[in-house]
Amino acid sequence: MNYMLKKRLLALLYPTRCPACRKVIFPHETFCGDCFPKLTEYRGNCVIRGAELFAAPFEYDEKISPAILLLKRGVKGNAAYALGSAVAEKLENLGISRKIDVIVPVPLHKEDKRVRGFNQAELIACEVGRILNITVSTGIVEKIRRTNPQKTLTKRQRKINLKDAFEVLDSVKIRDKCILLLDDVCTTGSTLSEITKLLKSKGAAAVYCAVCCKTPDFKKEDVENG
């Protein structure tokens, strides 16, 4: 069944809502007409070490945070569709979508995923993959060690925190491929940098990084990935 038809039928029972304010909207809409114009476009210059490019449609602030928090709390609703659509549009506008062979969502540790019940990066990745017709692979990278939130740590602590936290399970699937590494929010960029380095060490030809939202850019001396 056509995706949008399914969305319209589902809306008969569960009305589609704006993920920012919860106002009822049409099934094909991402955000309501009041919220969307108020969302802040990300215009920073974040650089992820080793990656070919970094992209984010929105800056993380109080206007977009309700949608991110809904997704993290499991009230998925329209959030994954709205955020994934924004990422896909950004990638198309930048001309990146034509270069990507496979989308890899940033993984959660298996215990964290068990508790939460899902990985929000996977939900967003599936929407991006559907829109751009690109394969999403959740079995390439695994988080093998639990870590502390990067935003709570110093630059030195971030390096230690992420060391050997991730592992590539199937290098054959990434060898000579152009990878889109995708997450919901980027704060310091350290996690994206660590996984990018790992993917390239296992044979990836190129790694592009994308997130739904980027926090306001750090000062140069505070940015872990330089």
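A look at a nonpolar patch on the surface
At step 1: A cluster of nonpolar side chains, namely Leu5, Leu9, Leu10, Leu12, Leu13 and Tyr14, defines an oily patch on the protein surface of about 680 Å² accessible area.
At step 2: Mapping Leu13 onto the fold places it in helix α1 (residues 3-13).

Looking at the side chain of Thr188
At step 1: Mapping Thr188 onto the fold places it in the loop between β7 (178-186) and α7 (190-201).
At step 2: Residue classification places Thr188 among the buried positions, given a relative accessible area of 6%.

Side note on the confidence of the model for the protein
At step 1: In this model, the protein carries an average pLDDT of 89, and 92% of its residues clear a pLDDT of 70 or more.
At step 2: Segment residues 220-226 is flagged for pLDDT under 50; beyond a separation of four residues in sequence, or across chains, it makes 17 contacts in the model.

Notes on the packing of aromatic side chains
At step 1: The final tally for this structure, using the stated rule, is four aromatic pairs.
At step 2: Ring geometry for Tyr42 against Phe54: centres 6.1 Å apart, planes inclined by 85 degrees, an arrangement best described as edge-to-face. Of this pair, Tyr42 sits in the loop between α1 and β1 (53-55) while Phe54 sits in strand β1, placing them 12 residues apart in sequence.
At step 3: The class for Phe54 is buried, based on a relative accessible area of 13%.
At step 4: Here a set of aromatic residues connected by ring pairs shows up, and it is made of Phe31, Phe36 and Phe58.
At step 5: Geometry around Tyr3 places Arg130 over its ring, the cationic atom sitting 3.5 Å from the centre.

Rules used in this analysis
Residues numbered from 1 in each chain as written. Predicted model: local features only at pLDDT ≥ 70, side-chain atom pairs only at ≥ 80, totals over all residues. Heavy atoms only, no water. Patch = residues over 30% accessible without salt bridge, like charges linked within 9 Å, V, L, I, M, F, W, Y side chains within 5 Å. Areas by Shrake-Rupley, 256 points an atom, 1.4 Å probe, with all protein chains shown as cover. Salt bridge = Lys/Arg side-chain N within 4 Å of Asp/Glu carboxyl O. Helix = DSSP H or I, 4+ residues; strand = E, 2+ residues; numbered from the N terminus. Buried < 20%, exposed > 50% of the residue type's maximum accessible area, 1.4 Å probe, protein only. pLDDT = per-residue confidence, 0-100. Contact = heavy atoms within 4.5 Å. Phe/Tyr/Trp six-rings, centres within 6.5 Å; stacked < 30°, edge-to-face > 60°. Lys NZ or Arg CZ within 6 Å of the ring centre and 35° of its normal.

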